[in-house]
Amino acid sequence: MTTTQTLQSTKVQTQRRYDYIYDPLFTLSSNRDHARERYKAYIAPDRVKKVPHYGPMFSGLVHYPKQQITIDTCDPVPNFMSRRWAGYDRRQPVQMTNQNVHLSVSGGDRYKYSRRPIIPFLQQVPPDVLLQTTRVDPMMPPPEQQQSRPPTPLTWTVGVQTMYRESEAQTDPYTPEYVTEKGTIPELLTLASLSYNRGLPAGLAEVEMIERAREKRAWEQTLPTVENMPQLSKRRAMMEEMERKEWVIREKEIEKLQQVRLQVLKQILETREGDNTNTNTDRLNSIWSKKQVSKEANFKKMRTEHIKSLRKLSAERKNVEGKLSRRNVVADYSSFASQVYAPETRVGVFLDRGSELYNVKNRYLNTYEGLLELEASLPDYVTQPRIKIPNLRSGKGGAQKRFEKRLKELDDTADLIKHDKEKQFEVPAPPRFLQKVIRPPPRPPTPSVETPSEEDEKRELAVIFLQQLLRGRAIQNMMQEGKEKRMELIDELRSTEALQEDKFIKKEKSTACDSALIPLL
C-alpha cells in the first residue's frame, strides 16, 4: 500500500521591510542602495489602498473612474528614528601615525576574526616515536581463568514465542514425527502424499478418493494369488474389470476438468469482450465530444461572421453615396446612447469589469434566518405603510387654478396655429379611384387524357398474367437444371449425415451399457 504525501514548501523571507533602519548588522554599500530600500518600504503592497469616489461609485466608464489608488499616509516608523544612511555614522577618521596602535576588534564583525582555518591535518610532520598497540583485550580475564567452550556452529536454530502475529508470517500446520509398530501399516499413512493446501483440509473430491482407495484395498484382499494357477483366469478377468472401472472414473474427472476450463475460458472471453466494448465506447464518446466541440466552434464562427457582414451591410446602406463624414462631438456628448456614455463590448470596453468587488455578501440577505431577523428589527411603519388622505379645502388657491386654466388655453391656441401652418405646406394626395387596375392574363385550359375501353384493359391484364406464368416456369427450370448438375454433392452430404447419425446412436448405446454396469460393480 503506497501513501502520497504533499510537502508544502514554506516561503522564507530573506529580510524584513525596515531592517535597514532597525537592524544594526544590516549593511548597505552606498546611499543609493539605502534610498532604494526606503522606496521599497514606502510602496509596500499593504500600504496601497483603493479610495472610492462616491459620486461615480458605480460607473464603468474610463473617464469617470469609480476609485483612486493612493498610498497610506500613516508611517509605521516613529519620527524619532533616524532615516539617514548608517554609513555616515560609521565612518571614523583614522590618523596615520608612526606608532603601532593595537586596535581591538568589536561589534557585529567580531565573529569574522574568531573562526579557525579548515586544515585537514594540523601536524604535517609524522612523530618520531610510535608506541606499539596491544592485541590483548584488557577486559578479558587471564588465560588460567578462562574456560574452554566448544566451537560455535555456523548455523543454529532459535525459537521465539510472541503474542502477536501478522498475516504474512502464517506457516503450514506442524506435522509431528511418528513411529509405527512392526508389521502394521496404519490407514492414515496412505494420505502422506497430501499436504496443506494440496488436498488438506479434505474436500468432497478427497473423500471420494479415500473411499475408492478403501474399496480397492478390499478388492485386493479378495483377489486370487498368483501361485494359484487354476484361478489365474479369474484373476485376469477381475483385474480387467477393475481397470475398466478406473478408466471410466478417469474419463469423468477429465470431463469435469474440461468443463471447468471451458467455464474459465468463457469468463475470460466475456471479460475481454466487455473491456473491448468499453474501450470502443469511450473512444467513440471522445470522438463524438470532439466533433461536437468543433461543430459548436464552427457555428459560433459562422454566427460571428454573419453578424459582422450584417453590420457592414447596414453601415454601407446608411452611406450609399460614399461620402466621408466627420465626427460630431456635440451630438455624441448630447446623446446618452452614443459610444461616449455606453461603448459597445466588441470595441474592447467592458462596463461590468470588476463588478464582483461590489457584490454584497451579508448574512441578513443570503440566509432565511437573517431575513427574519432583519424583518423583525424594522419598525412597523416600513412593512405597514400609513397613507393620509389630504383635506381639499375650497376657497384657497383660486389664483393658482385660474393661472393654470389660462396656460391651458394659451397652449391650445398655439397648437391650432401650428396645425394651420402645417396644412399650408401639405401636398394633396392623388385620387384613389382613378388608378388603373391591371388584370392578370387568363389561364390556359386544363389538359385531359382519353379513357381506354374495357376490352383493352382486360387484354392488358391477361398479357401481364401470362408473362408472370412464363417467368415462374423459367425459374423452376433453372432450379431443376442446377439440382441435376450438383446431384453428386447432394448425395455425398446425405451419406455423411447418415453416418453421423449411426455413430451417435452407437455412442448412446455404449453410454447406456456403461451406466448399467457401474451399479453392478
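Quick look at the structure, then. None of the values given here were measured: they were computed from a predicted structure.

**Topic: the overall build of the chain**
1) Next: Helix and strand content of the chain: 12 helices and four strands.
2) Next: The buried share of the chain, reckoned over its 521 residues, is 6%.
3) Next: Long-range pairs, those at least 24 residues apart, make up 40% of the contacts in the chain between residues at least 6 apart in sequence.
4) Next: Of the accessible surface of the chain, which amounts to about 52400 Å², a share of 57% is contributed by carbon and sulfur atoms.

**What about helix 5 (residues 232–318)?**
1) Next: With 87 residues, helix 5 extends 127 Å between its outermost C-alpha atoms, agreeing within 8% with the 129 Å of an ideal straight helix rising 1.5 Å per residue.
2) Next: Every buried residue of helix 5 is listed here: R235, M238 and M242.
3) Next: Tucked inside the fold, the buried residues of helix 5 contact helix 4 (204–222).

**Quick notes on the packing of aromatic side chains**
1) Next: Enumeration according to the criterion identifies two aromatic pairs in this entry.
2) Next: On the numbers, 6.2 Å between centres and 80 degrees between planes, the contact of Y333 with Y341 is edge-to-face.
3) Next: Where F336 meets Y341, the ring centres are 5.0 Å apart and the plane angle is 50 degrees; that geometry is what we call tilted.
4) Next: Among the residues examined, F336 registers a relative accessible area of 64% and is labelled exposed.
5) Next: Taking relative accessible area as the criterion, Y341 reaches 24% and is therefore assigned partly exposed.

**Section: helix 2 (residues 31–42)**
1) Next: Look at helix 2: 16 Å from first C-alpha to last across 12 residues, which is about the 16 Å you get at 1.5 Å a residue.
2) Next: The elements touched by buried residues of helix 2 are helix 1 (19–22).

**Regarding the layout of surface pockets**
1) Next: As a volume, the second largest pocket reaches approximately 430 Å³.
2) Next: Along its surface, the second largest pocket is lined by 15 residues, and T175, L191, A192, L194 and L200 are the ones closest to its centre.
3) Next: Of the residues contributing to the lining of the second largest pocket, the split by class is 11 nonpolar, three polar and one charged.

**With respect to a nonpolar patch on the surface**
1) Next: A cluster of nonpolar side chains, contributed by V360, Y364, L365, L371, L374, L378, Y381 and V382, occupies part of the molecular surface with about 720 Å² of accessible area.
2) Next: By the element assignment, L371 lies in helix 8 (residues 368–377).
3) Next: Overall, the relative accessible area of 38% leaves L371 in the partly exposed class.

**Considerations on the pattern of salt bridges**
1) Next: The tally for this structure, following the rule as stated, stands at 14 salt bridges.
2) Next: Its salt-bridge partner being R406, residue E409 comes within 3.5 Å of it at the nearest N-O pair. Linking E409 with R406, this pair stays in helix 10 (residues 398–424), spanning three residues, or about one helical turn.
3) Next: It is possible to trace a salt-bridge network through shared partners that takes in R212, R250 and E253.

**Thoughts on the side chain of K66**
1) Next: Within the secondary structure, K66 sits in the loop between strand 1 (48–52) and strand 2 (67–71).
2) Next: Judged by its relative accessible area of 18%, K66 falls in the buried class.
3) Next: Beyond its immediate stretch of four places on either side in the chain, K66 contacts P52, H53, P56, M57, S59, R353, G354 and Y358.

**Concerning the nonpolar core**
1) Next: Y18, Y20, I21, F26, L28, A41, V77 and W85 form the largest nonpolar core, which has eight residues in total.
2) Next: If we skip the residues at most four places from it in the chain, Y20 touches F26, L28, H34, E37, R38 and A41.

**Examining the packing of helix 4 against helix 5**
1) Next: Where helix 4 contacts helix 5, the two axes come as close as 12 Å, and the packing angle between them is 170 degrees. Comparing their axes, helix 5 and helix 4 come out roughly antiparallel. Of the residues in helix 5, those in contact with R212, K216, W219 and T222 of helix 4 are M238, M239, M242, E246, I249 and E253.
2) Next: Of the residues that constitute the contact of helix 4 with helix 5, the class distribution is five nonpolar, one polar and four charged.

Calculation notes
- Residues numbered from 1 in each chain as written.
- Predicted model: local features only at pLDDT ≥ 70, side-chain atom pairs only at ≥ 80, totals over all residues.
- Heavy atoms only, no water.
- Helix = DSSP H or I, 4+ residues; strand = E, 2+ residues; numbered from the N terminus.
- Buried < 20%, exposed > 50% of the residue type's maximum accessible area, 1.4 Å probe, protein only.
- Contact = heavy atoms within 4.5 Å.
- Areas by Shrake-Rupley, 256 points an atom, 1.4 Å probe, with all protein chains shown as cover.
- Expected span 1.5 Å × (residues − 1).
- Phe/Tyr/Trp six-rings, centres within 6.5 Å; stacked < 30°, edge-to-face > 60°.
- 1 Å grid on protein atoms, 1.4 Å probe; cavity = no way out; pocket = protein on both sides within 12 Å on 5 of 7 lines; lining within 4 Å.
- Points joined across faces, edges and corners; volume = space filled by probe spheres on them.
- Nonpolar A, V, L, I, M, F, W, Y, C, P; charged D, E, K, R; others polar.
- Patch = residues over 30% accessible without salt bridge, like charges linked within 9 Å, V, L, I, M, F, W, Y side chains within 5 Å.
- Salt bridge = Lys/Arg side-chain N within 4 Å of Asp/Glu carboxyl O.
- Core = buried A, V, L, I, M, F, W, Y, C linked by side-chain atoms within 4.5 Å.
- Axes fitted to C-alpha atoms, helices over the stretch in contact; angles between N-to-C directions.
- Parallel < 35°, antiparallel > 145°, perpendicular 65-115°, else oblique.

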